[in-house]
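# Secondary and tertiary structure notes
Spelled out, the chains give:
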Amino acid sequence: SLWQQAGRAGRREQKALSIYVAFDGALDQYFMKNPEKLFEAPIEHASVDYQNPMLLEQQVACACYEHPLLVEGEVTDVDYFGSTVCQAVLELQKRGLLGRSPDCPGDLRWFYIGGGRKPPAGLVNLRAIDETVWTVLNDVTGEVVEEIEESKAFFQIYEGAVYMQQGKKFLVTAMDMSRRIARVRRADLKYYTSIRRHTDISVTGGHSAYPDRAILPAGDGAGSAIVPYGSSAQLDHARHANRFVGFMKVWHATGQVFDSVDLSLPNVEYDTICTWVRIPDKARALVEQEKREVRAGIHAAAHALLNVLPLYLMCNAQDAGVECVNESETRWRPERLLIYDRQPGGTGISAQAQPLFGNVLRAALELVKQCPCEEESGCPACVQHGDCPQYNAVLDKKAALIVLESVIEAEGQYLSLQQTHRRQQGPPGGFTGGPGAGAGAGCCHGCK
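In this report, the structure presented in the accompanying data block is examined. Worth saying up front: this structure is predicted, and the values here are computed from it rather than measured.

## Some thoughts on the nonpolar core
Membership of the largest hydrophobic core comes to 56 residues, with the highest contact counts inside it found for Leu309, Tyr312, Leu313, Leu337, Leu361 and Leu404. Elements with a minimum of two residues in this core: α2 (26–33), α8 (281–289), α9 (294–308), β12 (320–322), β13 (336–341), α10 (349–353), α11 (357–370) and α12 (397–425). Counting residues per element, this core draws most heavily on α9, at 9 residues. In terms of nonpolar packing, the next biggest core, distinct from the first, is built from 21 residues, Phe154, Phe170, Val184 and Val268 among them.

Given below as structure tokens:
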């Protein structure tokens, strides 16, 4: 946080000066053009998702080790852990970590029965969500260099990869897939490697990922909170899949790719949470009328959303992602703007972004409009993104403007219809109401 870093200089209650030096990234340039968005904005809302199933299962196991857990009856522990604790208990029972007393069938409490005398807290990784990790091993000294979550491992380690750790450069020489060990050795190389991958996000839906709620950034007083514009944004479960196809070798000095190597690695898949809005048919018609590529406009618009998301939520490129287009693919894709959590089980980013999706759309449009660049594919200050898995291919800045304007117009029409419907008939059956409560009640936004 900017304020947290600036506050370090004033801890002794003396006068201090903090200087903000902007880079060429989209968010920095947005603040340069709109300084009030930085200095008058409320403090960011940190995302802590206690309903993430992977985190919850670890916490429940630790809790049961200290005291039996009760999830049935009039007075239970559900109030402390949330309604999803029952599913977590069943998963832990399947793994042989929780059980009930065999001597007292009427006792509904759950006890920790995991083997060993050591408490389960010692097995919980405080730096990562994923329980399964890869070990990076120095092949010369035998020392452990680092442990990496399995869901992130193949982004950094694969045979032939240049691996960086605390400023030291290593070359990955071998991968033991069965034991999850990557062997490395120190190397003085003039190039770096970059993974090539294809990412798919499948909206599985089926039921609400979270109860209807609006999680807004905290603020002091009514004037400091962000007021959501409202939108038809839905919150759904999703399946994230990464397919790793190869890597490139790039010279440090020139940034030139001098070699491309194919890879054969297993796909990495996990369940997560996403929020999305449909792109109206009007956007496609207008983009094609300008003889531009629709998917390039959607890709660029999605990048713009990701670039302005930290305006409203405390997050970075490792926390949230969007759907990026591969220049060689020809398959059909749903026309939507989607933001998803880039951690297994979700981190709550999408849940917080849902009620603010209308705000994010307008900020993204403002960002793209204010950027003076004339390149068709935009620049890092508007629709390019440094963490794009397709290296900012298939982008069209002008098409992105059309897409964003069309979506905002459609969202305004949707909200007007909902307000008119509520005034005339009251809330329709099954519609929970409120900004960002999702589509599906008398509209066409339920299409995935």
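Still more ground to cover, so stick around.
## Considering the packing of α9 against α11
Across the interface, α9 lies against α11 with an axial gap of 8 Å and an inter-helix angle of 105 degrees. With respect to α11, the element α9 is oriented roughly perpendicular. Contact residues: Ala304, Leu305, Asn307 and Val308 in α9; Phe357, Val360, Leu361, Ala363, Ala364, Leu367 and Val368 in α11. Residue composition of the contact of α9 with α11, by class: 10 nonpolar, 1 polar and no charged.

## Notes on a nonpolar patch on the surface
A surface patch of nonpolar side chains, about 380 Å² in accessible area, is lined by Leu2, Trp3, Phe39 and Ile43. Within the element layout of this structure, Trp3 appears in helix α1 (residues 2–7). Residue classification places Trp3 among the partly exposed residues on the basis of a relative accessible area of 37%.

## Section: the packing of α2 against α11
Each pair of packed helices gets described by two things: the angle between the helix axes and the distance between those axes. The N-to-C vectors of α2 and α11 enclose an angle of 80 degrees; their axes lie 10 Å apart at closest approach. In terms of axis orientation, α2 runs roughly perpendicular to α11. Mapping the contact onto sequence places Ala26, Tyr30 and Lys33 in α2 and Ala363, Glu366, Leu367 and Gln370 in α11. Its residues assigned to classes, the contact of α2 with α11 comprises 4 nonpolar, 1 polar and 2 charged.

## Quick notes on the pattern of salt bridges
Evaluated as defined, the whole model comprises 21 salt bridges. The salt bridge partner of Arg179 is Asp176, with a shortest N-O separation of 3.7 Å. Salt-bridge contacts for Lys369 lead to Glu405; the nearest nitrogen and oxygen are separated by 3.7 Å. Within this pair, whereas Lys369 is found in helix α11, its partner Glu405 is found in helix α12, the two being separated by 36 residues in sequence. Owing to a relative accessible area of 53%, Lys369 belongs among the exposed residues under this scheme.

## Focus on the layout of surface pockets
Once rolled over the atoms, a probe with the size of a water molecule shows which space is left empty. Of the volumes computed, that of the second largest pocket is approximately 800 Å³. If you trace the second largest pocket, you find 34 residues lining it, with Phe155, Gln156, Ile195, Arg197 and Asp387 closest to the centre. For the lining of the second largest pocket, the elements supplying multiple residues, two or more each, are α7 (150–156), β5 (162–165), β8 (191–203) and β9 (234–251). Counting residues per element, the lining of the second largest pocket draws most heavily on β8, at 6 residues. Considered class by class, the residues forming the lining of the second largest pocket number 16 nonpolar, 13 polar and 5 charged.

## Notes on empty space enclosed by the protein
Scanning the model with the defined rule gives 3 cavities of 30 Å³ or more in all. Empty space within the largest cavity amounts to approximately 110 Å³. Lining the largest cavity are 15 residues, and of these Gly321, Val322, Arg342, Asp387 and Pro389 sit closest to its centre. At the level of secondary structure, the elements contributing two or more residues to the lining of the largest cavity comprise β8, α9 and β12. With 3 residues, the single largest contributor to the lining of the largest cavity is β12. Among the residues forming the lining of the largest cavity, the class breakdown is 8 nonpolar, 4 polar and 3 charged. Size it by volume and the second largest cavity reaches roughly 50 Å³. Looking at the second largest cavity, the residues that line it are Thr199, Ile201, Val322, Glu323, Cys324, Arg333, Pro389 and Gln390.

Definitions and cut-offs
- Residues numbered from 1 in each chain as written.
- Predicted model: local features only at pLDDT ≥ 70, side-chain atom pairs only at ≥ 80, totals over all residues.
- Heavy atoms only, no water.
- Core = buried A, V, L, I, M, F, W, Y, C linked by side-chain atoms within 4.5 Å.
- Buried < 20%, exposed > 50% of the residue type's maximum accessible area, 1.4 Å probe, protein only.
- Helix = DSSP H or I, 4+ residues; strand = E, 2+ residues; numbered from the N terminus.
- Axes fitted to C-alpha atoms, helices over the stretch in contact; angles between N-to-C directions.
- Parallel < 35°, antiparallel > 145°, perpendicular 65-115°, else oblique.
- Contact = heavy atoms within 4.5 Å.
- Nonpolar A, V, L, I, M, F, W, Y, C, P; charged D, E, K, R; others polar.
- Patch = residues over 30% accessible without salt bridge, like charges linked within 9 Å, V, L, I, M, F, W, Y side chains within 5 Å.
- Areas by Shrake-Rupley, 256 points an atom, 1.4 Å probe, with all protein chains shown as cover.
- Salt bridge = Lys/Arg side-chain N within 4 Å of Asp/Glu carboxyl O.
- 1 Å grid on protein atoms, 1.4 Å probe; cavity = no way out; pocket = protein on both sides within 12 Å on 5 of 7 lines; lining within 4 Å.
- Points joined across faces, edges and corners; volume = space filled by probe spheres on them.

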